[in-house]
Amino acid sequence: MRDLERVGREPMSKEAAAVLIEKTLHGAFGSLDSGDGDGERERAVRTLLDEVQAVRYAPQLGDYSERLRELAARTAELVRKWA
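Residues numbered from 1 in each chain as written. Predicted model: local features only at pLDDT ≥ 70, side-chain atom pairs only at ≥ 80, totals over all residues. Heavy atoms only, no water.

1. Here we look at the overall build of the chain
And then number 1: Scanning the chain from terminus to terminus reveals four helices and zero strands.
And then number 2: In sequence order, the secondary structure elements of the chain are arranged as α-α-α-α.
And then number 3: Computed over the C-alpha atoms, the radius of gyration of the chain is 12 Å, within 12% of the 12 Å expected from 2.2 N^0.38 for a compact globule of 83 residues.
And then number 4: Considering only C-alpha atoms, the chain reaches an extent of 35 × 25 × 15 Å along its principal axes.
And then number 5: Here the chain holds 83 residues, and the buried ones make up 35% of them.
And then number 6: For the chain, the proportion of contacts with a sequence separation of at least 24, taken over those separated by at least 6, is 61%.
And then number 7: Computed over 14 positive and 16 negative side-chain charges, the separation of the two mean positions in the chain equals 3 Å. (Helix = DSSP H or I, 4+ residues; strand = E, 2+ residues; numbered from the N terminus. Rg over C-alpha atoms; globule rule 2.2 N^0.38 Å. Buried < 20%, exposed > 50% of the residue type's maximum accessible area, 1.4 Å probe, protein only. Contact = heavy atoms within 4.5 Å. Lys, Arg positive; Asp, Glu negative; His and termini not counted. Charge placed at Lys NZ, Arg CZ, Asp CG, Glu CD.)

The structure is reproduced here in structure tokens:
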């Protein structure tokens, strides 16, 4: 969770911020690549992970800091709710 607090507060690239969010999701929920489970928790985590990866690999055409802060906040909510 400490890494999530850094997103948007410390200067970093959108790629670095996205990696911190992904790392938190994988640390809390493990790998979801296997397709195991299709419950509400798994769907919410997969959806969020897809959004984070979309930002991570998006072209650098603008400022993503607000979007990354929002994704970090949503990640913190999921971790508090289900981890």
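2. Re the nonpolar core
And then number 1: Core analysis: the largest hydrophobic core is formed by 22 residues, its most contacted members being V7, I21, L25 and L68.
And then number 2: Counting only elements with at least two residues in this core, the list comes to α2 (14–29), α3 (40–56) and α4 (65–82).
And then number 3: Setting aside residues no more than four positions away along its own chain, L68 makes contact with V7, K14, A17, A18, I21 and V55. (Core = buried A, V, L, I, M, F, W, Y, C linked by side-chain atoms within 4.5 Å.)

3. Quick notes on the environment of L71
And then number 1: Its location among the elements puts L71 in helix α4.
And then number 2: According to the relative accessible area criterion, L71 is buried, its value standing at 0%.
And then number 3: Separated by 28 residues in sequence, L71 and R43 have C-alpha atoms that sit 15 Å apart.
And then number 4: Apart from residues lying up to four places away in sequence, L71 is in contact with I21, L48, E51, V52 and V55.

4. A word on α2
And then number 1: Along its 16 residues, α2 runs 22 Å from first to last C-alpha, staying within 8% of the 22 Å computed at 1.5 Å per residue.
And then number 2: When we look at burial in α2, the residues that qualify are K14, A17, A18, L20, I21, E22, T24, L25 and F29.
And then number 3: Looking at the packing, one finds that the buried side of α2 touches α1 (2–6), α3 and α4.
And then number 4: Of the residues trailing α2, G30 is marked for its positive phi of about 75 degrees. (Expected span 1.5 Å × (residues − 1).)

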